[in-house]
Protein chains: 2
Amino acid sequence: MTEPHIPLPPPPEEVRHVACVGAGVIGGGWVAHFLARGYSVTAWDPAPDAEEKLRRLVDAAWPALTQLGLAEGASTERLTVASTLEEAVAGAQFVQESAPEKLELKRELLARIDAAAPAEAVIASSTSGYPMTDMQTRAANPGRLLVGHPFNPPYLIPLVEVVGGERTDRAAVEWASRFYEAAGKSVITMDRELPGFIANRLQEALWREALHMVNNGEATVRDIDASITEGPGLRWAFMGPCLTFALAGGEGGMGHMLDHFGPSLKSPWTRLEAPELDSALRTAMVEGCDEAADGRTIAQLVAERDQGVIDVLRATGRLSGAGSVAARERSGDA
Amino acid sequence: MTEPHIPLPPPPEEVRHVACVGAGVIGGGWVAHFLARGYSVTAWDPAPDAEEKLRRLVDAAWPALTQLGLAEGASTERLTVASTLEEAVAGAQFVQESAPEKLELKRELLARIDAAAPAEAVIASSTSGYPMTDMQTRAANPGRLLVGHPFNPPYLIPLVEVVGGERTDRAAVEWASRFYEAAGKSVITMDRELPGFIANRLQEALWREALHMVNNGEATVRDIDASITEGPGLRWAFMGPCLTFALAGGEGGMGHMLDHFGPSLKSPWTRLEAPELDSALRTAMVEGCDEAADGRTIAQLVAERDQGVIDVLRATGRLSGAGSVAARERSGDA
């Protein structure tokens, strides 16, 4: 990276105080998460009833967080609601911005946060929509601005996607990834900006296909939801789509699966056109699965999958017996 | 439907004996499922070592099935491996065909099954690729032929998609849906043939987007899998994508979500183009979600989601604490 380097932030595991700018559903969820992990949190939100709503959100989340296991010293009393943005970030070692998705607003807020926060603090945006390159334009120190994109609710869903903009210091990205992990999140660090990052691209593809189906009268909302919760969704809670599909290849794994099901990429199974399955892509998928399997054999992965499905079925109250989706009658005219 | 009606099959819950034609990973999985639900099963597969492999598959699945809870009288000893297809289906009240995905083979097998099975037996194909309309061409009694598409492994994943072809009797489709439910499956009954049915279309859209990302070097296999298992996959094990997205709309539910995030359907968040979000589609989504919510308020759904995520995290050994995805360094040049 060619941008001016940021002042050295503290070791990620020594952070004790974070600021959250914006305290709606996502920002408030971050507040709850950081409190539960034992941080002290200063929050700010311009809405007049923001403090009341935020404390209600945190209180509502606390029983769940207690079930998950609170960090030592975690307390809702470690939340301070500041009356100005500048006051909120003044002593922060890390800042999480979760303002509404409006580019101008984000640009302005990030510049103000940058101006008011300690020089060594890293500043992350929860944006799901904008690349940091477009948001860091007005900040005096863009090197410490990056995206830390959570999933709703941030206090329960582990994933955070971390990615910098063109003017972000690589060291800030690495520091933020380590900080989020220290704070109990599961981190994917991206080396380039991509609209929708990773998870949203994947679920958006699924979502758009679902909309097409409803639009064409091919399936109902209920069908679509049931097709996931009673089908692939049971596996995706613990094994991703790539490794899951590798198991469809039997002992031959991903390679065999691609050779066997490759032709179906040409089938009209969705409105999305697939890339050409050339040898480079085949190799990338096979080697990627080998890496993800991390030494586990196909038989071991199958055993893990089976046990995982059983555990998930049990956890969600669906041990076998009666079918859980009622037969549905449509007066269709197929 | 205009086709000749099939002879009346027995009430679905009185079926005691099923035949499975084809005993590979899917067919063998069906055998294990039916045995565990207390049926007697006759299987046939032309491979020379089919019986040995099948019994090994059933034995391997049995501990999992025992965990899930066996039906009264369920026993691996109720499996008979027949030496001919005709012998296998001769006394069957229901036949599940799970041969390799080759159209000519399926056509021929289904015609032979139809010729040999009792007149009142309903016959289902596990195909994931062919519409029944294309497979039932040679059978003397096409009215009783339909698709019963399972997910791997059929003895663990509840979903079965049931759909007939143009010449299938509607009564056979209804009977099969009720039979599968009596046999412990979760059934989606479709009123028209659609390439990939429902769940495979959804996961294929996600899969194709994943292949594009790997192909472009935008994400690794490990990133893709982690983005699901640490993110939306945790929710999809018990709440489908539509209801999940409805919760992103806060108290306004799906309607507010579509109004707020509708514009992102125009964003390049995947390579799949979305349908136009006109008022008809908006209404279909909102009413569909209302129907799926079945009287539950948004607050109740949020509480269910949160408890579900906690249960799934606990079941899969991921109660909070250290991030479960190791920081990953790529020598990128963003």
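An unreviewed UniProt entry annotates chain A as L-carnitine dehydrogenase of Streptomyces montanisoli. Listed in UniProt under the heading Function (unreviewed entry), the comment for chain A reads: "Catalyzes the NAD(+)-dependent oxidation of L-carnitine to 3-dehydrocarnitine." Quoted verbatim from the Sequence similarities (unreviewed entry) heading of the UniProt record, the comment on chain A is "Belongs to the 3-hydroxyacyl-CoA dehydrogenase family. L-carnitine dehydrogenase subfamily."

### Structural notes on the packing of aromatic side chains
Going through the model one piece at a time under the given rule, you end up with 25 aromatic pairs over all chains. Here the aromatic rings of Phe-34 of chain B and Tyr-39 of chain B are separated by 5.7 Å at their centres, their planes lie at 85°, and the arrangement is edge-to-face. Taken individually, Phe-34 of chain B and Tyr-39 of chain B each receive the classification buried, so the pair is uniform in this respect. Note on Phe-94 of chain B and Tyr-180 of chain B: the rings are 5.5 Å apart at their centroids and 85° apart in plane angle, and the pair reads as edge-to-face. Taken together, the positions of Phe-94 of chain B in strand β4 (residues 94–97) and Tyr-180 of chain B in helix α6 (residues 170–182) put the pair 86 residues apart, joining distant regions of the chain. Grouped by ring-pair contacts, the aromatic residues Trp-30, Phe-34, Tyr-39, Phe-94, Trp-175, Phe-179 and Tyr-180 of chain A constitute a single cluster. Over the ring of Trp-30 of chain A we find Lys-185 of chain A; its NZ or CZ atom is 5.3 Å from the centre of that ring.

### A few points about the relation of the copies chain B and chain A
For the pair chain B and chain A, the superposition axis carries a translation of 0.0 Å, the fit reaches an RMSD of 0.0 Å, and the rotation angle comes to 180°. The symmetry that links the two subunits is that of a two-fold axis. For chain B, the minimum C-alpha distance to the rotation axis belongs to Leu-272 of chain B and amounts to 2.4 Å. Both copies present the same face, since 99% of the interface residues in chain B are matched by interface residues at the equivalent positions in chain A.

### Thoughts on the packing of helix α7 (residues 199–215) of chain A against helix α12 (residues 279–293) of chain B
Two elements in contact, α7 of chain A and α12 of chain B, have axes separated by 10 Å at closest approach and are oriented at 100°. Overall, the two elements α7 of chain A and α12 of chain B adopt an arrangement that is roughly perpendicular. Of the residues in α12 of chain B, those touching α7 of chain A at Trp-207, Leu-211, Val-214 and Asn-215 of chain A are Leu-281, Ala-284 and Met-285 of chain B. Looking at the contact of α7 of chain A with α12 of chain B, its residues break down into six nonpolar, one polar and no charged.

### Things to note about the pairing of strand β7 (residues 159–164) of chain B
Consecutive side chains along a regular strand alternate between the two faces of the sheet. Residue and element names in this part refer to chain B. With six of six residues buried, β7 lies mostly within the body of the structure. The side-chain alternation of β7 yields two buried faces, one formed by Leu-159, Glu-161 and Val-163 and the other by Val-160, Val-162 and Gly-164. As defined by bridge partners, β7 adjoins strand β8 (residues 186–189) across four bridges and the pair is classed as parallel. Bridging across to β8, Glu-161 finds its partner in Ile-188. Taken together, β7, α6 and β8 constitute a β-α-β crossover, and its handedness is right-handed.

### Some remarks on the UniProt feature "domain: 3-hydroxyacyl-CoA dehydrogenase C-terminal" (unreviewed entry) in chain A
Taking the numbering used here, the UniProt-annotated feature "domain: 3-hydroxyacyl-CoA dehydrogenase C-terminal" (unreviewed entry) corresponds to residues 196–264 of chain A. Secondary structure across residues 196–264 of chain A comprises 67% helix and 0% strand; the distance between its end C-alpha atoms is 26 Å.

Reading the values: rules and limits
- Residues numbered from 1 in each chain as written.
- Chains lettered and ligands numbered in written order.
- Predicted model: local features only at pLDDT ≥ 70, side-chain atom pairs only at ≥ 80, totals over all residues.
- Heavy atoms only, no water.
- UniProt positions renumbered as here; feature names shortened; annotations may be inferred.
- Phe/Tyr/Trp six-rings, centres within 6.5 Å; stacked < 30°, edge-to-face > 60°.
- Buried < 20%, exposed > 50% of the residue type's maximum accessible area, 1.4 Å probe, protein only.
- Helix = DSSP H or I, 4+ residues; strand = E, 2+ residues; numbered from the N terminus.
- Lys NZ or Arg CZ within 6 Å of the ring centre and 35° of its normal.
- Least-squares fit on C-alpha atoms with pLDDT ≥ 70 in both.
- Contact = heavy atoms within 4.5 Å.
- Axes fitted to C-alpha atoms, helices over the stretch in contact; angles between N-to-C directions.
- Parallel < 35°, antiparallel > 145°, perpendicular 65-115°, else oblique.
- Nonpolar A, V, L, I, M, F, W, Y, C, P; charged D, E, K, R; others polar.
- Pairing = 2+ DSSP bridges.
- Right-handed = clockwise from strand over helix to strand, strands pointing away.

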